[in-house]
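Structural features, examined
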Amino acid sequence: MTIKTAQNLRRISQIVFFLIFFWLILKTNFDVNLGMSESGEITLPYPVSIALELDPLVALGILLADGTIFKGLLWSLVVLIPTIFMGRIFCGWVCPLGSLNHWISEIPSERLGRKGKGKIDSNRYKKYQRIKYYLFFFFIAAALLGSLQLGLLDPLSLMARSIGTAVLPAIHTVADGLLLWIKSWGISPLGNLAQLIYDLASPILLTFRPAHFHAILTIGLFFIAILVMNRVFTRFWCRGICPLGAMLGIFSRYAIFGLEKDDKGCDGCNLCLLHCQGADGPDINSKWRQSECVVCLNCQAICPNNSLKFKFFPRLGKTEKSPAATQKVDITRRKVAVSVAAGLAMVPLYRTGDAYKVNSNPGLIRPPGAIPEKDFLSRCIRCGQCMRVCPNNALHPTFMESGAEGIWTPIMIPRIGYCEPTCTLCGQVCPTGAITELTVKEKVGDDKTRPVRVGTAFIDRGRCLPWGMTTPCIVCEEWCPTTPKAIYLEDEVTINGRDEVVPVKRPYVDPDRCTGCGACEYACPIINQPAIYVTSIGESRSVENQIILQRKGIDPGKQKG
């Protein structure tokens, strides 16, 4: 196989894996083509989270944070084992964020810093490339104390979160706005053509209704910043920030596949540096760094003198013109120790604050099936799959509702969408088990089993129409999906401000029946601030977050301590 053929195979591999990843995110969606299991429950027809289960960084983080390896994460060995022999081939051939960074970096630029000598200089190894290793050790240390923060920067989680909660919803908004704008011109042929294009694109790119996510600006701007930095430094994220790239760099320590240099034929043209993706020192006068190379093969393909060659068991020793290559990562013990210490110190700092427990946000309503908060924070990787698949747009990324430790983890916001009782999709798509996969029977309960509760509804009588404004309204009772209904009505007769007798039905909440699904809050006609609202009190996953009078066998004084 010629090097050109190998380079083309790499390009095809990048395109294929990127499209597969993107397609899986598109299919993490509630649509009319959902399948039904033997028990009659709604299921997704594809294993949409399998790409996230390939992530060895997530597998290692959960192993350290939770002491377990979630079943699907054994797939991560598919990535890890080739890395041990071939180096960071995953970064250069498979990773969807790496491919996106690669393509954006390759767009020609008019800036001097991105052309000729300027680009050659920027493609030499720089000290900032060490940062990713220190971030890796920081996250691993935090995981040891049970806080899985690596999902913030892990490339697969970041890609899934950014595309699912920011990019695709933004595309939907733009498409809707563009369609209305064209139709507003009043030119029928153009309007019909726009509608035709919209209808063709809808089944592929758009959800059955527009989704509106909380904190989308932070996610979107972060993603844009990553892409824009590629216009300053080639694959900036991969070179300097990516903790998964750092992990694979460390595991490529003993790779048997690498770059061999022949300095006799080299004329110093520096074309290898001009096209280098990893800034790993492919030129004759530099030390080649195995841990930085993403095996893009550009250097060998572009070399006019055949002085560079990737091969198994390459000669990496010093030659007349070229220093010996190195398979070690360029880090210092002192800075690794500082990174580990910072990661260890960050967890108690997170949890000493009031947001973690003693003054937790009452609106922090986790998805049904979410495991206890401490365990949840040791498993959730912020991939956004649960948010993307939720049919009612009920799940959103947090910003600071669960403190800095829980940023971009899922939260239910009933005012935007409520939890559909017969839907268990969020548990199906969770790649790490942070949300337990429930059956509908387990979720809604029966005569022998209590339903899974995510919170409890409360009535604000000052805003409730029957209570505070002598106006008939039974919307919350009508929307309550539990059987028997958790919201019941009492007939009352009141007198309004005009001394008129008004019969009303005043709502009450039965806390034993309420599951906190939020349908009542979602439907309440008091739009800006509902008269009935849900808080997380009473959630099934916690023995502490219960109404004190309902606690059984628990000493409230001890729980507060």
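Everything in this summary refers to the structure shown in the same document. Everything quoted here is computed from the prediction, not taken from an experiment. (Residues numbered from 1 in each chain as written. Predicted model: local features only at pLDDT ≥ 70, side-chain atom pairs only at ≥ 80, totals over all residues. Heavy atoms only, no water.)

1. A look at unusual backbone geometry
The criterion, for reference: Here a strand is any run of E in DSSP of at least two residues, a helix any run of H or I of at least four, and the numbering for each starts at the N terminus. Buried residues are those whose accessible area, probed at 1.4 Å on protein chains only, stays under 20% of the maximum for their type, while exposed residues exceed 50% and partly exposed ones sit between those limits.
That bond from Thr 483 to Pro 484 is cis: its omega, -10°, falls within 30 degrees of zero. With respect to the helices and strands, Pro 484 occurs in the loop between α22 (475–479) and β8 (487–495). Notably, Ala 215 is not glycine yet its phi reads approximately 60°, a positive angle. Tracing the sequence through the fold places Ala 215 in the loop between α10 (188–205) and α11 (216–229). On the accessibility criterion, Ala 215 (15% relative accessible area) is buried. Of note in this structure, Leu 297 is not a glycine but carries a positive phi near 75°. Turning to its location among the elements, Leu 297 is positioned in the loop between α14 (271–274) and α15 (298–302). Leu 297 sits in the buried class, given a relative accessible area of 6%.

2. Quick word on the environment of Asn 361
Here is the rule: Whether two residues are in contact is decided by their heavy atoms: any pair within 4.5 Å suffices. Counting of polar contacts relies on pairs of N or O atoms within 3.5 Å, with two restrictions inside protein: one atom must be capable of donating a hydrogen and the other of accepting it, and residues adjacent in sequence are counted only when both atoms are side-chain atoms.
If you trace the backbone, Asn 361 turns up in the loop between α16 (333–352) and α17 (373–376). When the C-alpha positions of Asn 361 and Ser 536 are compared, they lie 8.5 Å apart, and in sequence the two are 175 residues distant. Among residues more than four places away in sequence, those in contact with Asn 361 are Glu 401 and Ser 536. A polar contact is formed between the side chain of Asn 361 and the backbone nitrogen of Gly 363, at a distance of 2.7 Å.

Note that every value here comes from positions in space, so none of it alone points to a role or purpose.
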